[in-house]
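Residue strings, one per chain:
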Amino acid sequence: MLACLLLLLLGWLPSTPALAAPPDTVRGAAPDSLVRVQCPGYAALRVATVLFVGNDVTKERILRAELDFREGDTIAAAALPTRLEANRRRLFNLQLFHQVLTEAVCRNGEITVLFSVQERWYTFPVPIFSLADRNFRSWLDRPDRWKRVDYGLHIVRRNFRGRNEDLTGNLQLGFNRKYELFYEAPGYGRRRRVGFGFGVSYYRSHALDYATVQDRLVAFRDDAGFPIERRYATAGLRWRHTVQRRTALDVSYHREQISDSILRRNPDYYLGRTRREFLDVILSSTLNQRNTFAYPLTGRFAQASLAHRTFLTPGTPGITTLRGQIAQYAALGRGFYYNVSLQGQARLAKRVAYVDNRALGYSTFVRGYDPYVVDGRHYGLVQQSVTCRLFDLGQLRLKAIDNPKINRIPLVLYLNTFVDAGYVAARTVAATNRLPNQLLSAAGLGLHLVTFYDRVLTLEYTRNARGQGGLFFRSEFPI
């Protein structure tokens, strides 16, 4: 029901509302006073020319497609500052530029609008050295932790061909083997509205978490073989109304196989089988009207998805999954901000395998319960926080580096206090598991550092309803 309501909500909400509060750490030039001096007495202004400076890689037509005005349009003089700021923010939220500035010059009732951008570095070959577990705490709890590492190379080419396309490749060896290639084109055509994406992935690992005991995952390790092997191919269409509002339809084919050792330990892992094939069809819609996508402080976010899984393996019932999320961000004044997020999942099926019976503790969790997982078909999660900006050093320049794409490091530090609450509804629960069908809650205090290329580093102390507390390090925005 939550996801259905969100789908309706996405259809009702306007695509370009005016948002209050500062847009991001980059301040745009205020054009209103200059225009009023140059063109006094005009109630409406005609857009004569739109210019872009600094887009050496990015094609100009990509930027023009984001604007809600073009040459020849008329803009009310009173609304000009708001319109220019909204369009500046659209360009900034493409996440292609370190900064975007705008100015307007008026003459005889006609304006020339200039957007000045500073492009980022777009090619990132990143060495892979990662932990083969859900999070750092789970990895630290394992006695063979140093054998559970992955290494390789992760390559991302953003703004491929200067058209805001993404090309991603993974070559990962070690404990988990992964070979992947993904391509994402957000939009084609004059208005950049219709795009597509595709990808292929092959994965196998020496270990697999095959059961949940005492609300923790139990792993099986096979140094000589691979108890899990997965491969899939995916393709999809994107309807990109604006950078803030998108709809996607994805279809993917999956083939997965486990070893006989896993089947003996948990016959329900694949419902009595060692191999399965299925098709996933996912329709999703996202409305992202936050002031900045990296570390939002004001605005709102809504996302809803409807997914159906059809098994090609005879005798396995299909699964329909509804997911939804709503988040609101507001400025309280004096450097304080409040945000709240509500999300949930409903999974409908006659019977689900162990691997499909997942709720909290995987990609979504109640903070403070990091070592645990909670299995079930349905869940709800509420997260609230109050944030205070401690300091903003702007962009620190590294004088020893000449390249402007990498010689400026933004540093903003926030103090954050939060409260989370979640609930998982499960039909049947193993006797050793206590967390399903009970309220989970936690509160904590954290430091959030917003820095280079939209990276958010968080250090949090959290205490949950079980009386357990600890420090947790994360590398993403928490809500």
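The text that follows walks through the structure, step by step, so that each part is easy to find. (Residues numbered from 1 in each chain as written. Predicted model: local features only at pLDDT ≥ 70, side-chain atom pairs only at ≥ 80, totals over all residues. Heavy atoms only, no water.)

## What to know about the sheet that holds strand β2 (residues 74–76)
For sheets, the rule is that strands pair by backbone hydrogen bonds, running either parallel or antiparallel. Applied cut-off: In this scheme, strands are said to pair when DSSP sees at least two bridges between them. Runs of E in the DSSP output that reach at least two residues are strands. Runs of H or I that reach at least four are helices, and both are numbered from the N terminus. Here, axes are lines fitted to C-alpha atoms. For helices the fit covers the stretch in contact, and angles between N-to-C directions go from 0 to 180 degrees. Residue contacts are defined here by distance: any two heavy atoms, one from each residue, within 4.5 Å place the two residues in contact.
Taken in spatial order, the four strands line up as β2-β1-β4-β3 in an open sheet, and their pairing is mixed. With one partner strand each, in any of the chains shown, β2 and β3 (97–107) form the two edges of the open sheet. Going from strand to strand, the sheet's axes swing by 35° on average, the running direction of each strand aside. Sheet topology places strand β1 (residues 44–53) next to β2; three bridges connect them, and they run antiparallel. By the bridge assignment, Ala44 is partnered in β2 with Ala76. Most of the contacts of helix α4 (residues 80–92) go to β3, to which it runs at about 150°, and overall it touches β1, β2, β3 and β4 (110–119).

## Topic: the nonpolar core
Rules: In this description, a nonpolar core means a group of buried Ala, Val, Leu, Ile, Met, Phe, Trp, Tyr and Cys residues linked to one another through side-chain atoms lying within 4.5 Å. Only protein chains enter the accessibility calculation, which uses a 1.4 Å probe; a residue is then buried when its area is under 20% of its type maximum, exposed when over 50%, and partly exposed in between.
Ranked by size, the top nonpolar core spans 26 residues in total, and within it Phe69, Leu91 and Phe115 carry the most contacts. Only β1, α4, β3 and β4 provide two or more residues apiece to this core.

## Overview of unusual backbone geometry
Although it is not a glycine, Gln95 adopts a positive phi angle of roughly 60°. For Gln95, the location among the structural elements is in the loop between α4 and β3. Phi angles above zero are rare outside glycine, and Leu271 is one such case at about 55°. Considering the arrangement of structural elements, one finds Leu271 in the loop between α6 (260–265) and β14 (275–288).

## Some details on the pairing of strand β22 (residues 469–474)
Residue alternation in β22 divides its side chains into a buried set, Gly470, Phe472 and Arg474, and an unburied set, Gly469, Leu471 and Phe473. The loop that links strand β21 (residues 456–464) with its antiparallel partner β22 comprises four residues; one of these, Gly467, has a positive phi angle of about 85°.

## Comments concerning the side chain of Thr458
Summarising the element assignment, Thr458 is placed in strand β21. Taking the relative accessible area as the measure of exposure, Thr458 reaches 1% and is therefore buried. Here Thr458 is in contact with Leu447, His448, Phe472, Phe473, Arg474, Glu476 and Pro478, once residues within four sequence places are set aside.

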